[in-house]
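# Understanding the architecture of this molecule
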Amino acid sequence: MGKDYKRIKKIILSGLLILIIGTNDVISALIFSGTLIFISLIIRIFSLTVLKKLRVLSQDYFLWGIGLALVSFLYIVLPGIFPKIDSYINIYYLLIGVTPIVYLNSGENIRSDFIKNSMLFLLLMIFISLLREILGYGNILGYSLFDRPLLEISGRPAGALLILGICGMTLEFLYQRFNMSQKSGNKFFKNENEREVSP
Amino acid sequence: MSEIGDIFWNYVLRNNMVFILSFGLLLVIVETPRLNESYVKGLKITAGIAVSSLTGLFIAANISSEFAFVLPGIYFITSLVGIYVINKSGALRGQWIEGIPRNIMVLVPQLGLQLFMQEQTVLNYLEKFFAVLGSIFGFYLVFIIMAAVKEQLELNETEKIFKSEYILLIVSGFFAAILVGFNFM
């Protein structure tokens, strides 16, 4: 439970937080997630094969450049192949190339965490986008459910942050409720760790 | 002059690059230190973002529209220059999680801001310059505001759940709603 909770937290912070504003509905969430998983896979294969043989200085920057180049290529090519996709991709699509989750443990075995992280990212992205689409637009997969939006803010950036925050809080509550013995850990507050050390 | 002022404040508030566009939100949530340290650290990070954004803006203004497809690559290089400036100042060093350096977090606001400015086709070069200045100023303000919020959360004797990162997301959501003037109601 604790490990899975930390994994979800890691995915929310290193992936969803950046891309969630760019996805208002389930279809765009699927496009974004599919691209992110594809880019992660390519990066992982590249760093395990080519990059290990080449002695490249500043491997991180090199990988980020490759990630961005791949996304930019897809950004140009995809609307030409699938014209309908054009309305779902925006500048956040290009940011997939520099989203930290793409480079998580990129030098390690493909089977290690990649599949779990990818599937969790996909599920979380679809879940949040589904909530946003239903509440913010009254639609589901483009089909109208309600005459008017239930909660119009959900379709806006503010709503995306609120929904993500509330879902995260619910998760945190459940984790603390069922795992009182385990500390949730605040690994992501880098500076809090520093504070513990400093007088 | 007032038009330029309007553009500046529009990008400080209504198009804030942290709360509204969420480009710098991860950086602000993870990297904000104590309030009294945040003034200097915020300046260092903001300087890096300013270098990359203004350089990117200058190059984009002087490049032919036929070569627009190379702009993401140029923006990436200018972002690396910004990261170099930040690294030199010692603001973001070391690893964040699982083999990821901390400076990838600053790549998102740098690249995002430059791409966003490229989309603002209604603005001319001078207006874009002030829009970038507004965005950078907005980022610095938010950096300090979030440092203050985080410090207050840590000082308060409350449940641990209210000290998590998710509270900062909810706070950011409310700030975003305020900045757009609750125009969804």
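Here the structure is shown first, and the text comes after it.
We now turn to the structure provided with this report. (Residues numbered from 1 in each chain as written. Chains lettered and ligands numbered in written order. Predicted model: local features only at pLDDT ≥ 70, side-chain atom pairs only at ≥ 80, totals over all residues. Heavy atoms only, no water.)

## Quick word on the interface of chain B and chain A
Residue-level contacts link 57 residues of chain B with 54 residues of chain A. Summing the contributions of chain B and of chain A, the shared interface buries around 5,100 Å²; its carbon and sulfur component is 68%. Counting across the interface, chain B meets chain A through one salt bridge. The interface formed by chain B and chain A holds five residue pairs in polar contact (both at pLDDT 80 or more) in total. Broken down by element, the residue count for the side of chain B that touches chain A peaks at eleven residues, all from helix 7 (residues 165–179) of chain B. Broken down by class, the residue content of the side of chain B that touches chain A amounts to 35 nonpolar, eleven polar and eleven charged. (Contact = heavy atoms within 4.5 Å. Buried area = accessible area lost by both parts, 1.4 Å probe. Salt bridge = Lys/Arg side-chain N within 4 Å of Asp/Glu carboxyl O. Polar contact = N/O pair within 3.5 Å; in protein donor to acceptor, adjacent residues only side chain to side chain. Helix = DSSP H or I, 4+ residues; strand = E, 2+ residues; numbered from the N terminus. Nonpolar A, V, L, I, M, F, W, Y, C, P; charged D, E, K, R; others polar.)

## Here we look at the packing of helix 3 (residues 35–61) of chain B against helix 4 (residues 71–89) of chain B
Residues and elements named next belong to chain B. One can describe the packing of helix 3 onto helix 4 by two numbers: an axis separation of 8 Å at closest approach and a directional angle of 155°. In terms of orientation, helix 3 and helix 4 fall into the roughly antiparallel class. With respect to the hand of their crossing, helix 3 and helix 4 are arranged in right-handed fashion. Side by side, helix 3 and helix 4 meet where K44, I45, G48, V51, S52, T55, G56, I59 and A60 of the first sit next to L71, I74, Y75, T78, S79, V81, G82, V85, I86 and S89 of the second. By residue class, the composition of the contact of helix 3 with helix 4 is ten nonpolar, eight polar and one charged. (Axes fitted to C-alpha atoms, helices over the stretch in contact; angles between N-to-C directions. Parallel < 35°, antiparallel > 145°, perpendicular 65-115°, else oblique. Left-handed = near helix turned anticlockwise from the far one by under 90°.)

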